[in-house]
Amino acid sequence: MFSSKDFEKCWFLYQSEGLPYNLSIEEFCLKQGVPVNEFNKWYRDTHKRIHPIQIDGAPASETKGETPEEQTPSQASVRIAVTICMSNGVFIKRKNLSYESLRKFVEKLEGLC
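Residues numbered from 1 in each chain as written. Predicted model: local features only at pLDDT ≥ 70, side-chain atom pairs only at ≥ 80, totals over all residues. Heavy atoms only, no water.

A separate point is helix 2 (residues 25-32). Count 3.6 residues to each turn of an α-helix, and residues three or four apart come out pointing the same way. Within helix 2 the residues assigned to the buried category are I25, F28 and C29. Burial along helix 2 is one-sided: seen end-on, the buried residues are contained in an arc of 100 degrees. Those residues of helix 2 that are exposed and aimed more than 90 degrees away from the buried face are L30 and K31. Looking at the packing, one finds that the buried side of helix 2 touches helix 1 (4-18) and helix 3 (36-46). (Buried < 20%, exposed > 50% of the residue type's maximum accessible area, 1.4 Å probe, protein only. Helix = DSSP H or I, 4+ residues; strand = E, 2+ residues; numbered from the N terminus. Arc of directions from axis to C-beta. Contact = heavy atoms within 4.5 Å.)

Laid out in structure tokens, this is it:
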């Protein structure tokens, strides 16, 4: 049975010895005698990533406090759909969001990280 420290050492060795020689992580684990499936599970559980995104068509300035009547027609007509699928099986899907509701949704997600 391998501990988290063992997998951490294996990851460090892979980055310093395997990656420069273009070895896949599977090949490296086999050479080191580390079970690939256990290593992959450990990696997914401990190396969570936040992926940067770019939103096209966002308003140039924040429109706090504006009612829908005060928004320009282009702001009122843009609707956004977001789908997030995480490696741990969590699936989040939101449709028909305005820019402001998307901003609030992302702020709530940041609180979970």
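Still to come is the rest of the account.
Turning to the packing of aromatic side chains, a few remarks are in order. Taken as a whole and judged by the stated rule, the model has 10 aromatic pairs. On the numbers, 4.9 Å between centres and 55 degrees between planes, the contact of W11 with Y43 is tilted. Within this pair, whereas W11 is found in helix 1, its partner Y43 is found in helix 3, the two being separated by 32 residues in sequence. Like Y43, W11 is buried. By the ring-pair criterion, three or more aromatic residues cluster together here, those being F2, F7, W11, Y14, F28, F39, W42 and Y43. (Phe/Tyr/Trp six-rings, centres within 6.5 Å; stacked < 30°, edge-to-face > 60°.)

What the rule picks out here adds up to 3 salt bridges. Between K41 and D45 there is a salt bridge, with its nearest N and O atoms 2.8 Å apart. In this pair, K41 and D45 are both assigned in helix 3, 4 residues apart and thus about one turn of the helix distant. Note that R103 is salt-bridged to E100, the shortest N-O span being 2.5 Å. Separated by 3 residues within a single helix, R103 and E100 lie in helix 5 (residues 99-112), roughly one turn from each other. Through salt bridges with shared partners, one network takes in E100, R103 and E107. (Salt bridge = Lys/Arg side-chain N within 4 Å of Asp/Glu carboxyl O.)

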